[in-house]
Structure formats: structure tokens, C-alpha cells
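Listed below are the residues making up each chain.
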Amino acid sequence: MKVCIVGAGRAGGSLGIALERIGWRVRFLHRHDDLTAAAKGVDLVVIATPDAVVSTVAQRIKPVDTCPVLHLSGALTLDALAPHRQVGSLHPLVSLPNREIGSERFVGAWMAVAGVGTDAIVQALRARTFPVTDERRALYHGTAAVASNHLVALLGQVERLATACGVPFEAFVALAKGSLENAADIGPSDALTGPVARGDWDTIAKHLAALPPDERPLYTALAMATARLANRAWPEELDA
């Protein structure tokens, strides 16, 4: 298979390296290149640019009826690929910190698919897929942000607090990994432990008193979410 990937950042670069490893012929172009003939002489075109310019890039590529054009966006619909007739989207539900690690994670990854032209990549990389309709696209992508980006932001708070109390960050990472595995194995509700699950509001009050003021809002928001998961009413006195 021959594929042209427009954009060689973390997403496009990861995909390209993964496909090259299994024998595909990959041609990289950048969004500022002359893209007129990007679809000529290839089996697929994949647009892997930032969402804000996907539509502009698609319009600069001269359509070839036999060549599907895909994007890798989780948030955009297929309308962004006009004026091409064969269009599809392939969003890898994986974290891509760099191209080398990303290329490994593409293999066997979960992917959101829509439209046409995705089968060859899915089969080549042994991906697991699920459909996402246009109406649920933003909700799906928001869920992905919670599962990945917000989780990393939460660990950023853990790192700050670990430093403040003089405990190695790695110790809390091990705790987090165990909790994540429990949630995956038995579900979030059954995996929940700790003071909120027990209704121990005195301990929560002590936590809030000990936390630096700028760390309390995130702790409170997540403790309230924990109470919701545990089906417990959040005490009004803790809001004060």
C-alpha cells in the first residue's frame, strides 16, 4: 500500500512509522507544501494536521475519485474533508507522547472510525474499532480528554503534593496504577475505596485544611465526584 500523510507530528509521524514497519510505502508532506497532487499515485491520503487546518488542507488537495482521504481527528466530522467524495476518519484512542512510542501504540489500538477507506489501516495494524456518529463526536472526544489529559493533570497535582509531604512521587504512581487496574477489572463503583466511600467526612475536612489553598478546588471537585460515584450526599458544611 502507498499512503501520503500530510503532517509529520506525533499523530501523523506515529502512524507513518507504524505503517513503514509493516512494509507500506509512506510519503510525508507538510501542510505548507504544495498539496495539489497529494492524492495522485497513492492508495490513501491521511490528513494529520491540527484540527483547525484540516478543512483548509483538504481543499488544497486535488480530488482523485479512487483515493480515499482520511483525517485523524477525534472531534471533527467528515464534512471537514470536502470536496473529496471518498472520505473517512480514523482516531487512535491512545496517548502519543512522541513518534517512536506512538508508532508502537498504534498496533492493536482502539480506534474510532467513520466513513470509508479505513479498513486497510485497521487490518494492517490489527486495530480494534468502534463507530462514533457525528452527533456524538464532541462528547466522544471530551470523554477521551477526561480519560487521558485530565488524568495526567490529576497526576500533576499528585506530584506537587507528594513533593510537599516528602514522599516519592513513584509511590503514589504505584497506588494510581493499582486503582486503575481495579476499575478496569471490577468497574469504578466496586473499585472505589477511601474516606468518601466510607462517609468519613471528618477525614475529608482534615484533608482540605491541610491542602494548600490553590490545591483545594481540584480536590473538592473530585471528592464531590467521588461522593456521586459512592451514592453519598456531599455535606454542606464542607463547602464552607
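In this text, all values refer to a predicted model and were calculated from it rather than measured experimentally.

Asks: Lay out the packing of aromatic side chains in plain terms, naming residues and giving numbers.
Replies: Overall, the coordinates contain three aromatic pairs when judged by the stated rule. A centroid spacing of 5.6 Å and a plane angle of 80° characterise the contact between Trp201 and Trp234, whose relative ring orientation is edge-to-face. With a gap of 33 residues between them, Trp201 in helix α9 (residues 201-210) and Trp234 in the loop between α10 (216-230) and α11 (236-239) connect regions that are remote in the sequence. Take Trp201: its relative accessible area is 18%, and that puts it in the buried class. Among the residues examined, Trp234 registers a relative accessible area of 16% and is labelled buried. Three or more aromatic residues joined by ring pairs make a cluster, and in this case those are Trp110, Phe130 and Tyr140.

Asks: Report on the side chain of Thr220, specifying residues and quantitative values.
Replies: Along the chain, the position of Thr220 falls in helix α10. Residue Thr220 is classed as buried on the basis of its relative accessible area, which comes to 19%.

Asks: Explain unusual backbone geometry to me, using residue names and the numbers behind them.
Replies: For the bond from Ala82 to Pro83, the omega torsion is 15°, close enough to zero to count as cis. In this structure, Pro83 sits in the loop between β4 (69-71) and β5 (87-92). Of note, Arg126 is a non-glycine position whose phi angle comes to about 55°, a positive value. Topologically, Arg126 is positioned in the loop between α4 (119-124) and β7 (128-131). Residues other than glycine seldom take positive phi values, yet Asn231 does so here, at roughly 60°. Inspection of the secondary structure puts Asn231 in the loop between α10 and α11.

Rules behind the numbers
In every chain, residue numbers begin from 1 and rise along the written sequence. Where totals are concerned, whole chains, interfaces and linings use all residues; where local detail is concerned, this predicted model gives features only for residues with pLDDT of at least 70, and gives and counts side-chain atom pairs only at 80 or more. The basis for every side-chain value is the complete set of non-hydrogen atoms in the structure, without hydrogens or water. Pairing of aromatic rings covers Phe, Tyr and Trp, the last counted by its six-membered ring, and requires centre-to-centre distances within 6.5 Å; plane angles under 30 degrees mean stacked, over 60 mean edge-to-face, and any other angle means tilted. Elements are defined by DSSP. Helices are runs of H or I of four residues or more, strands are runs of E of two residues or more, and each kind is numbered from the N terminus. Working definition: with a 1.4 Å probe on protein chains only, accessible area under 20% of the residue-type maximum means buried, over 50% means exposed, and in between means partly exposed.

By themselves, these figures tell us nothing about what the structure is for.
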